[in-house]
Amino acid sequence: MRTERANDGGQVERREPKVIVGAAIIRDGRVLACARSAPPEVAGMWEFPGGKVEPGETETAALARECVEELAVRVEIGDRVGRNVRMAHGRSVLKVYAARLLHGDQPQPLEHSALRWLSATELDTVTWLPADAPIVAALRPLLAAD
């Protein structure tokens, strides 16, 4: 997907949407959900950890970095989960990957107000951020099979 906008000279610039990556960290048939602490309009809603892909960074490298920064864990990145989710009026796209913890690491809520491990039957017990909600349905079969 490309976005277009006119610059000051009236010429059209094409820009790819900013890529946001998320990790569906799965352990023992459960996925890690993280409660947002900010900004106020989404505080208390749940998400998959992750963040922006920086220039020159691959999606998987960005996701590994974000997991260290947000949760103090090292992860192995697996396959994509679900489809691309458009965000911010098409200016961003969320891509979620399955992941697993490495070296016995235990997630710490460095940037979140709470962490929960959810089974397939518990996925609907939290209020997901709108961008993360479409991923939940694609996640159910992965949790049931684990």
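As shown above, the structure is provided for reference.
Everything quoted here is computed from the prediction, not taken from an experiment. Within every chain, residues take consecutive numbers counted from 1 along the sequence as written. In keeping with the model being predicted, local features are shown solely for residues with a pLDDT of at least 70 and side-chain atom pairs are shown and tallied solely at 80 or more, while totals for entire chains, interfaces and linings include all residues. Where side-chain values are given, they derive from all heavy atoms of the structure, hydrogens and water being excluded.

Draft legend 1. Region of the structure containing the state of the cysteines. The rule for a disulfide is simple: a pair of cysteine sulfur atoms within 2.5 Å. If you walk through the whole model with that rule in mind, you get zero disulfides. Between Cys67, a free cysteine, and Cys34, which holds the nearest cysteine sulfur, the sulfur-to-sulfur gap is 8.5 Å. Whether a residue is buried, partly exposed or exposed follows from its accessible area with a 1.4 Å probe, protein chains only, as a fraction of its type maximum: under 20%, in between, or over 50%, in that order. Residue Cys67 is classed as buried on the basis of its relative accessible area of 0%.

Draft legend 2. Summary view of the environment of Met87. We count a stretch as a helix when DSSP gives it H or I for four or more residues in a row; a strand needs E for two or more, and each element gets its number in order from the N terminus. Turning to its location among the elements, Met87 is positioned in strand β7 (residues 75-87). Residue Met87 is classed as partly exposed on the basis of its relative accessible area of 23%. Between the C-alpha atom of Met87 and that of Lys18, which follows or precedes it by 69 residues, the distance is 9.4 Å. Two residues qualify as a contact provided that any one of their heavy atoms is within 4.5 Å of a heavy atom in the partner residue. Other than its neighbours up to four places away in sequence, Met87 contacts Ile20, Ser92, Val93, Leu94 and Ala131.

Draft legend 3. Summary view of the side chain of Ser119. Position of Ser119 relative to the elements: it lies in the loop between β9 (112-118) and α2 (133-145). If we skip the residues at most four places from it in the chain, Ser119 touches Gly29, Arg30 and Leu143.

Draft legend 4. Spotlight on a positive patch on the surface. Residues enter patches when they are more than 30% accessible in relative terms and free of salt bridges; like-charged ones are connected within 9 Å and nonpolar ones (Val, Leu, Ile, Met, Phe, Trp, Tyr) within 5 Å. Note on areas: these come from Shrake-Rupley sampling with a 1.4 Å probe, and a residue is covered only by the protein chains present in the view. Each reported salt bridge corresponds to a side-chain nitrogen of Lys or Arg within 4 Å of a carboxyl oxygen of Asp or Glu. For this count, His and the chain ends are skipped, Lys and Arg are scored as positive, and Asp and Glu as negative. Note that the charge is assigned to NZ on lysines, CZ on arginines, CG on aspartates and CD on glutamates. A grouping of Arg15, Lys18, Lys52 and Arg91 is seen on the molecular surface, where their side chains present a positively charged patch. Arg15 sits in the partly exposed class, given a relative accessible area of 41%.

Draft legend 5. Structural view of the pattern of salt bridges. Scanning the model with the defined rule gives nine salt bridges in all. A salt bridge links Glu47 to Arg36; its shortest N-O distance comes to 3.4 Å. Of this pair, Glu47 sits in strand β5 (residues 46-47) while Arg36 sits in strand β4 (residues 30-36); the two residues are eleven residues apart in sequence, bridging distant segments of the chain. The exposure class assigned to Glu47 is buried, which follows from its relative accessible area of 11%. Here Arg74 ties to Asp105 by a salt bridge, and the two come within 2.7 Å at their closest N and O atoms.

Draft legend 6. The arrangement of the nonpolar core in detail. Only buried residues count toward a nonpolar core, which is a set of Ala, Val, Leu, Ile, Met, Phe, Trp, Tyr and Cys residues joined through side-chain atoms within 4.5 Å. Ranked by internal contacts, the top residues of the largest apolar core, which has 22 residues, are Val31, Phe48, Leu123, Trp128 and Leu139. Sort the elements by how many residues they give to this core and α2 lands first, with four residues. Apart from residues lying up to four places away in sequence, Trp128 is in contact with Ala33, Met45, Trp46, Glu47, Phe48, Leu118, Leu123, Ala133 and Val136. Core analysis: the next-biggest nonpolar cluster, separate from the first, contains 17 residues, Ala62, Leu71, Val93 and Ala99 among them.

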